[in-house]
Amino acid sequence: MSQLSMRKMMPALLLLCQPAWAEGEFWTFQPPATHIAQQIEGLHSYLMVVILAIFVLVFGVMFYAILRHRKSLGHDAKPFHENTTVEILWTLIPALILLGMAWPAASVVLAQKDTRGATMTIKATGFQWFWAYEYLDFGFGFKSKLATPQAQIDNHHNGGEAKGEHYLLEVDQELVVPVGQKIRILTTANDVIHSWGVPALGVKQDAIPGFIRDTWFKAEKIGTYRGQCVELCGKGHAFMPIVVKVVSDADFKTWIASQQARAKAMQDDPNKAWSDNDLLARGRQVYEANCATCHQADGKGSGPFPALAGSKIANGSKADHLHIVLNGKNAMPNWGSLSDVEIAAVLSYERNSWGNKAEMVHPSDVKTARGAK
């Protein structure tokens, strides 16, 4: 790389690093908000001191030996092969160093895995590319999606909308928890491996399809803490942030009540006789909430996600269309977590939008297809 290029790059690198320096996070972690995060930070500092001491000692002895015992060419070195004392020392010293590093590290890891005594459990499911949360103790859930405007994402050369303070770290609905309570997080995934991580809370847990893993945190301070999926999960990996809002007990109770009322209002009546128009209107809501990210709002698809406009599946048999939605195919995850009404509505919408014209799908069709799986 030429010196001219380096001169151009250095100011840009310094500019990028300024926000992190200003918050004191360039050389260390985010300010810890839990006891576990404090332990992780302390463990990191301790291990860095040990590593630095070993580095100085080893290179100090090496350079001392080079300088102190330098001889001219042809000098016969003093042999000390099979020296028992040396053999014992270079076995014992590394073993003691390893023990001194492993003991505190194991203590922190075991504490991270101890989920006993949690006051509530939240299930976090990774999708390409958003998180779905279920408050298992309160009977409701929601999807949490990236809220950064597309215009900011498309601004590659500072010619469009300026990037916001929380660029790619903001969501349309935050995970809300009460301060000072132990929260158990169950992680899983619907398609590929994701990982739920929030550095300030000292939490990172893989979310693996077909498996349930758990972790926990107990936030000591009210505030908003941000993280991201920390497992490379596809082209939209950078677009699935995690935002945890820690509030007081009173605020949490108010929020829970509002969310339960909202969930009840949005719940589909299982006894309702759905007209075609009602089903299509409901299907558009489900499509925009779950499918438009990949297949696009106009149904023309993107990358590995095929167009639905004019597709053989959307214009073909109901059974084939239902089979793909309930079982997934290639990059398409299965959407069995949606209700019978939601699946019937979204399939009817796909089969009768963007020029498609095919048979409507009804909740009874979905129920029958689930039984046939």
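About the cut-offs
- Residues numbered from 1 in each chain as written.
- Predicted model: local features only at pLDDT ≥ 70, side-chain atom pairs only at ≥ 80, totals over all residues.
- Heavy atoms only, no water.
- Helix = DSSP H or I, 4+ residues; strand = E, 2+ residues; numbered from the N terminus.
- Salt bridge = Lys/Arg side-chain N within 4 Å of Asp/Glu carboxyl O.
- Buried < 20%, exposed > 50% of the residue type's maximum accessible area, 1.4 Å probe, protein only.
- Patch = residues over 30% accessible without salt bridge, like charges linked within 9 Å, V, L, I, M, F, W, Y side chains within 5 Å.
- Areas by Shrake-Rupley, 256 points an atom, 1.4 Å probe, with all protein chains shown as cover.
- Pairing = 2+ DSSP bridges.
- Axes fitted to C-alpha atoms, helices over the stretch in contact; angles between N-to-C directions.
- Contact = heavy atoms within 4.5 Å.
- Core = buried A, V, L, I, M, F, W, Y, C linked by side-chain atoms within 4.5 Å.

J.: Please explain the environment of Asn277 as it appears in this structure.
T.: Mapped onto the secondary structure, Asn277 falls in helix α6 (residues 276-290). Between the C-alpha atoms of Asn277 and Leu92, which are 185 residues apart in sequence, the distance is 78 Å.

J.: Hey, could you run me through the pattern of salt bridges in this one?
T.: Once the charged atoms of two side chains with opposite charge are near each other, the side chains can pair. A full pass over the atoms with the stated rule returns nine salt bridges. The partner of Glu134 in a salt bridge is Lys123, and the shortest N-O contact between them spans 4.0 Å. Of the two residues, Glu134 sits in strand β2 (residues 130-135) while Lys123 sits in strand β1 (residues 120-127), which places them 11 residues apart along the sequence. Residue class for Lys123 comes out partly exposed when judged on its relative accessible area of 23%. One salt bridge in this structure joins Glu342 and Arg282, with 3.4 Å as the shortest N-O distance. Here Glu342 is found in helix α9 (residues 340-351), whereas its partner Arg282 is found in helix α6, with 60 residues between them in sequence.

J.: Please explain a nonpolar patch on the surface as it appears in this structure.
T.: A grouping of Leu52, Ile54, Phe55, Val56, Leu57, Val58, Phe59, Val61, Met62, Phe63, Ile66 and Leu67 is seen on the molecular surface, where their side chains present a nonpolar patch of about 1100 Å² in accessible area. Looking at the secondary structure, you find Met62 in helix α2 (residues 35-68).

J.: It is not clear to me how the sheet that holds strand β7 (residues 203-207) should be interpreted in this structure. Could you clarify?
T.: Strands in a sheet are paired, the pairing made by backbone hydrogen bonds, and the direction either parallel or antiparallel. Read from one edge of the open sheet, five strands run β4-β10-β9-β6-β7, paired in mixed fashion. Lying at the two open borders of the sheet, with one neighbouring strand each, are β4 (175-178) and β7. Mean inter-strand twist for the sheet, computed between neighbouring axes without regard to direction, equals 20°. Summarising the sheet, β4 and strand β10 (residues 241-247) pair through four bridges and their orientation is parallel. The residue bridging Leu175 from the neighbouring strand is Val244, located in β10. Helix α5 (residues 249-266) rests against β4 and β10 of the sheet, and its axis sits at about 135° to β4.

J.: Looking at this model, I keep getting lost on the nonpolar core. Mind explaining?
T.: Note that soluble globular proteins tend to have their nonpolar side chains buried in a common cluster. Judged by nonpolar contacts, the single largest core of 37 residues is most densely connected at Tyr135, Trp196 and Val244. Ignoring anything within four residues of it in the chain, the contact list for Trp196 reads Ala124, Trp131, Tyr133, Leu175, Ile185, Thr187, Val203, Lys204, Gln205, Phe217, Ile242 and Val244. Ranked by size, the runner-up nonpolar core spans 21 residues in total, among them Phe130, Val286, Ala292 and Val366.

J.: I'm lost on unusual backbone geometry in this one. Help?
T.: A negative phi angle characterises most non-glycine residues, just as the trans form characterises most peptide bonds. Residues Gln128 and Trp129 are joined by a peptide bond in cis, for which omega reads 5°. With respect to the element layout, Trp129 can be found in the loop between β1 and β2. The backbone of Leu168 sits at a positive phi, close to 65°, despite the residue not being glycine. Here Leu168 is to be found in the loop between α4 (150-153) and β4. In this structure Leu168 comes out as buried when scored by relative accessible area, which is 13%. You will see that Gln296, though not glycine, has its phi angle at about 75°, which is positive.

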